[in-house]
Amino acid sequence: NAGVTQTPKFQVLKTGQSMTLQCAQDMNHEYMSWYRQDPGMGLRLIHYSVGAGITDQGEVPNGYNVSRSTTEDFPLRLLSAAPSQTSVYFCASRGLGTDLSGGYTFGSGTRLTVV
Amino acid sequence: AQSVTQLDSHVSVSEGTPVLLRCNYSSSYSPSLFWYVQHPNKGLQLLLKYTSAATLVKGINGFEAEFKKSETSFHLTKPSAHMSDAAEYFCVVRYSGAGSYQLTFGKGTKLSVIP
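Since we're looking at a predicted model, the values are computed, not measured.

Caption draft 1: How the structure looks around the layout of surface pockets. Here the largest pocket is characterised by a volume of approximately 600 Å³. If you trace the largest pocket, you find 28 residues lining it, with Gln37 and Arg111 of chain A together with Gln38, Pro40 and Asn41 of chain B closest to the centre. Breaking the lining of the largest pocket down by element, the ones donating at least two residues are strand 4 (31-38), strand 9 (87-94) and strand 11 (110-114) of chain A together with strand 10 (87-94) and strand 12 (109-114) of chain B. No other element matches strand 10 of chain B, which puts three residues into the lining of the largest pocket. For the lining of the largest pocket, the residue count by class is nine nonpolar, 12 polar and seven charged. The wall of the second largest pocket is formed by 15 residues, among which Leu43, Arg44 and Glu59 of chain A together with Thr104 and Phe105 of chain B lie closest to the centre. Of all the secondary structure elements, the ones that give two or more residues to the lining of the second largest pocket are strand 5 (42-51) of chain A together with strand 11 (104-105) of chain B.

Rendered as structure tokens:
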């Protein structure tokens, strides 16, 4: 099925552990991004990428790393998890170009709890 | 800084009555505006989008929104609420220029529908 696939859907980590949240899309979208959602805060941008080999920071990048080695994949790494990173994480993608009509596709989210 | 403000964190309506969810954005040339809906424990679904065509935008499930540049508003309305409309709604803006693929989310409005 075409779309954005996030794995895992749920994860519990202990403080200090590391893990990678996976995001893959099969729509050949150049732009990919990671958001975190916290109650009463909406979604805040963590990192984004406009193509393979190109990444940049968003509003809340601290504690997270990303890389973009292929167009399809955009993993988010937590090197040393902290309770403040307990959140729901969404990956989103869209194609670049002159069309400003949106076209963002969101994954179904990863619910992460850090204890 | 780019921003979007959802004026109500929680709105409660009776089934069959009108819905009004309010959103204001910081003024900028040619913003693109979106409304997304998130049902409990689900991902984000695009309701509608404004991209400088008609100022009255019709979306899915009977929702519509009107872009008012003079008021920098993009309020979401529906004539008659249904129980299935109970969800959280996000007003989202994307500005032209540098970083134009980044979305800025409002903090969300939780809509409750009373039978």
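Still more to cover.
Caption draft 2: Representation of the packing of aromatic side chains. Residue and element names in this part refer to chain B. Using the criterion set out here, one finds 15 aromatic pairs over all chains in the structure. Both rings, one in Tyr50 and one in Phe67, keep their centres 4.1 Å apart while their planes meet at 15°; by these two values the pair is stacked. Taken together, the positions of Tyr50 in strand 6 (residues 44-50) and Phe67 in strand 8 (residues 64-68) put the pair 17 residues apart, joining distant regions of the chain. Residue Tyr50 is classed as buried on the basis of its relative accessible area of 7%. Residue class for Phe67 comes out buried when judged on its relative accessible area of 10%.

Caption draft 3: Region of interest: the sheet that holds strand 3 (residues 19-25) of chain A. Residues and elements named next belong to chain A. The four strands lie next to each other as 1-3-8-7, forming an open sheet whose pairing is antiparallel. The outermost strands of the open sheet, each flanked by one partner alone, are strand 1 (4-7) and strand 7 (64-66). With strand direction ignored, the average angle separating the axes of adjacent strands in the sheet is 20°.

Caption draft 4: Spatial organisation of the state of the cysteines. Residue and element names in this part refer to chain A. Counted by the stated rule, this structure contains two disulfides over all chains. Across a sulfur-sulfur distance of 1.9 Å, Cys23 and Cys91 are joined as a disulfide pair. Across the S-S bond of Cys23 and Cys91 the torsion is about -70°, and the bridge reads as left-handed. With Cys23 in strand 3 and Cys91 in strand 9, the pair connects residues that are 68 residues apart, well separated along the chain. Given a relative accessible area of 2%, Cys23 falls into the buried group.

Caption draft 5: Representation of the environment of Ser112 of chain B in the model. Residues and elements named next belong to chain B. Counting through the fold element by element, Ser112 comes out in strand 12. For the pair Ser112 and Met83, spaced 29 residues apart in the sequence, the C-alpha separation amounts to 8.3 Å. If we ignore the near neighbours within four places in the chain, the residues touching Ser112 are His10, Val11, Ser12 and Val13.

Caption draft 6: Seen up close, the pattern of salt bridges. Applying the stated criterion across every chain, the model contains five salt bridges over all chains. A salt bridge links Glu64 of chain B to Lys58 of chain B; the nearest nitrogen and oxygen atoms lie 2.8 Å apart. For Glu64 of chain B, a relative accessible area of 23% puts it in the partly exposed group. Lys58 of chain B gets classed as exposed once you look at its relative accessible area, which sits at 63%. Look at the salt bridges and you will find they share partners, linking Arg36, Asp38 and Arg44 of chain A into a network.

What counts, and at which threshold
Residues numbered from 1 in each chain as written. Chains lettered and ligands numbered in written order. Predicted model: local features only at pLDDT ≥ 70, side-chain atom pairs only at ≥ 80, totals over all residues. Heavy atoms only, no water. 1 Å grid on protein atoms, 1.4 Å probe; cavity = no way out; pocket = protein on both sides within 12 Å on 5 of 7 lines; lining within 4 Å. Points joined across faces, edges and corners; volume = space filled by probe spheres on them. Helix = DSSP H or I, 4+ residues; strand = E, 2+ residues; numbered from the N terminus. Nonpolar A, V, L, I, M, F, W, Y, C, P; charged D, E, K, R; others polar. Phe/Tyr/Trp six-rings, centres within 6.5 Å; stacked < 30°, edge-to-face > 60°. Buried < 20%, exposed > 50% of the residue type's maximum accessible area, 1.4 Å probe, protein only. Pairing = 2+ DSSP bridges. Axes fitted to C-alpha atoms, helices over the stretch in contact; angles between N-to-C directions. Disulfide = S-S within 2.5 Å. Contact = heavy atoms within 4.5 Å. Salt bridge = Lys/Arg side-chain N within 4 Å of Asp/Glu carboxyl O.

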